[in-house]
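Each chain, written out:
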Amino acid sequence: MNYTLVTGATGGLGKEFCRALIKTDDLFLTGRSGEKLENFKVELLKINPSANILTFAADITSSDERKLLFDYADSLGVKFSGLFNVAGVDTQKEFIKYTEQKLVFQVRVNVEATLSVTRFVLERRAEKLKILTVSSMSGTAPMPYFAVYSASKAMLTNFFTSLRYEVKNANITTLIAGGIPTRPDVIKDIQTQGVTGKLSAKPAPFVVKKSLKALAKNKRKVIPGAFNKFVYFIEKLAPVSVQCKYVAKRWSKKEKDNF
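Residues numbered from 1 in each chain as written. Predicted model: local features only at pLDDT ≥ 70, side-chain atom pairs only at ≥ 80, totals over all residues. Heavy atoms only, no water.

Draft legend 1. Focus on unusual backbone geometry. The phi torsion at Tyr145 lies on the positive side, around 70 degrees, for a residue other than glycine. Along the polypeptide, Tyr145 turns up in the loop between strand E5 (125-136) and helix H5 (147-163). Located in the positive-phi region is Asn169, a residue other than glycine, with phi close to 55 degrees. Its place among the elements puts Asn169 in the loop between H5 and strand E6 (170-177). Residue classification places Asn169 among the partly exposed positions, given a relative accessible area of 40%. (Helix = DSSP H or I, 4+ residues; strand = E, 2+ residues; numbered from the N terminus. Buried < 20%, exposed > 50% of the residue type's maximum accessible area, 1.4 Å probe, protein only.)

This is how it looks when you write it as structure tokens:
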């Protein structure tokens, strides 16, 4: 049987993707909390009682726990027709203020785990495959005081753009999203950014709808919202030094560390 694997399945955006996907796909859900996964499974089965749903709790930053996840899938002979890389960490602070633990954790979630899971899925793919990876508008240009997150998301955009030319018979799309008000800390961020934050932010159902439409058309990237598209265009024209000075001035007085 073919499944669509969703990482970060019990987060705000992950849940919204699952609510849309459950109408057409059998789902394999993973997240750190087994209780949250099972409770969410009950919700999804109310949407589509005939769907098949597998769950496996794992901290995908751990290679040992990823192996347990992979072994579980292999024990069931699972093949994958889809992968949604949603799990991510958006810590924001001056780089020198990172502890070694926080630095490694963010890079492992955003980069190592995403690539590891992707490689696993590709080795066990169905004939037709779709991959959607969540990147960010923060990764479209260097961002002082948000440097680790920005760089890791830029890496994902570049990696999955490259992967499109290596993997045949697959739709591979990267979501380059602005703010998505799914958590209290994100909502606060959007509010503190004022007008630009409000213009950039889009609700999760809107982002999911746009993303799935772009994925079905095998678009290289999807940028939900006219304002975000405009910012993306302007970034291509403005000198990097100007962008960095602007971002540094805005973000130097703000920190966020909720993971």
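Moving on from the coordinates now.
Draft legend 2. Broad picture of the layout of surface pockets. In this model, the second largest pocket occupies a volume close to 250 Å³. Lys210, Lys213, Ala214, Lys217, Lys219, Lys221, Val222, Ile223, Pro224, Lys229 and Tyr232 together form the lining of the second largest pocket. Those elements giving two or more residues to the lining of the second largest pocket turn out to be helix H8 (204-216), strand E7 (221-222) and helix H9 (226-237). By residue class, the composition of the lining of the second largest pocket is five nonpolar, no polar and six charged. (1 Å grid on protein atoms, 1.4 Å probe; cavity = no way out; pocket = protein on both sides within 12 Å on 5 of 7 lines; lining within 4 Å. Points joined across faces, edges and corners; volume = space filled by probe spheres on them. Nonpolar A, V, L, I, M, F, W, Y, C, P; charged D, E, K, R; others polar.)

Draft legend 3. Region of interest: a nonpolar patch on the surface. Judged by side-chain polarity, Phe230, Phe233, Ile234 and Leu237 come together as a nonpolar surface patch covering roughly 430 Å² of accessible area. The residue Phe233 is located in helix H9 in this model. (Patch = residues over 30% accessible without salt bridge, like charges linked within 9 Å, V, L, I, M, F, W, Y side chains within 5 Å. Areas by Shrake-Rupley, 256 points an atom, 1.4 Å probe, with all protein chains shown as cover. Salt bridge = Lys/Arg side-chain N within 4 Å of Asp/Glu carboxyl O.)

Draft legend 4. Inspection of the side chain of Ser211 at higher detail. As for its position among the elements, Ser211 is in helix H8. A polar atom in the side chain of Ser211 sits 2.7 Å from the backbone oxygen of Val207. Here Ser211 is in contact with Phe17, Leu132, Leu175 and Val222, once residues within four sequence places are set aside. (Polar contact = N/O pair within 3.5 Å; in protein donor to acceptor, adjacent residues only side chain to side chain. Contact = heavy atoms within 4.5 Å.)

Draft legend 5. Quick look at the pairing of strand E4 (residues 79-85). Along E4, five of the seven residues are buried, which leaves the element largely enclosed by surrounding structure. As paired elements, strand E1 (residues 2-6) and E4 share five bridges and run parallel to each other. Paired with Leu5 across the two strands is Leu83, which belongs to E4. Judged from the five bridges that link them, E4 and E5 form a sheet pairing that is parallel. Within E5, the position partnered with Leu83 by the bridge is Ile131. Each parallel crossover has a hand, and for E4 linked through helix H4 (residues 100-123) to E5 it is right-handed. (Pairing = 2+ DSSP bridges. Right-handed = clockwise from strand over helix to strand, strands pointing away.)

Draft legend 6. Quick peek at the sheet that holds E1. Spatially, the seven strands line up as an open sheet ordered E3-E2-E1-E4-E5-E6-E7, and their pairing is parallel. Sheet topology places strand E3 (53-57) and E7 at the edges, where each strand pairs with a single neighbour.

Draft legend 7. Quick peek at the packing of aromatic side chains. This structure, assessed with the given rule, holds nine aromatic pairs. Centre to centre, the rings of Phe28 and Phe80 are 6.0 Å apart; their planes meet at 50 degrees, and the pair counts as tilted. Here Phe28 is found in strand E2 (residues 27-31), whereas its partner Phe80 is found in strand E4, with 52 residues between them in sequence. An identical accessibility class is assigned to Phe28 and Phe80; each is buried. Their ring planes at 90 degrees and their centres at 4.9 Å tell us that Phe159 and Phe160 sit as a pair that is edge-to-face. Put simply, the rings of Phe28, Phe56, Phe70, Tyr72, Phe80 and Phe120 pair up and form one aromatic cluster. Just above the ring of Phe40 sits the side chain of Lys15; from NZ or CZ to the centre is 5.6 Å. Above the plane of the ring of Phe206 lies Lys202, whose end atom (NZ or CZ) is 5.6 Å from the centre. (Phe/Tyr/Trp six-rings, centres within 6.5 Å; stacked < 30°, edge-to-face > 60°. Lys NZ or Arg CZ within 6 Å of the ring centre and 35° of its normal.)

Any link to function would need more than the numbers given here.
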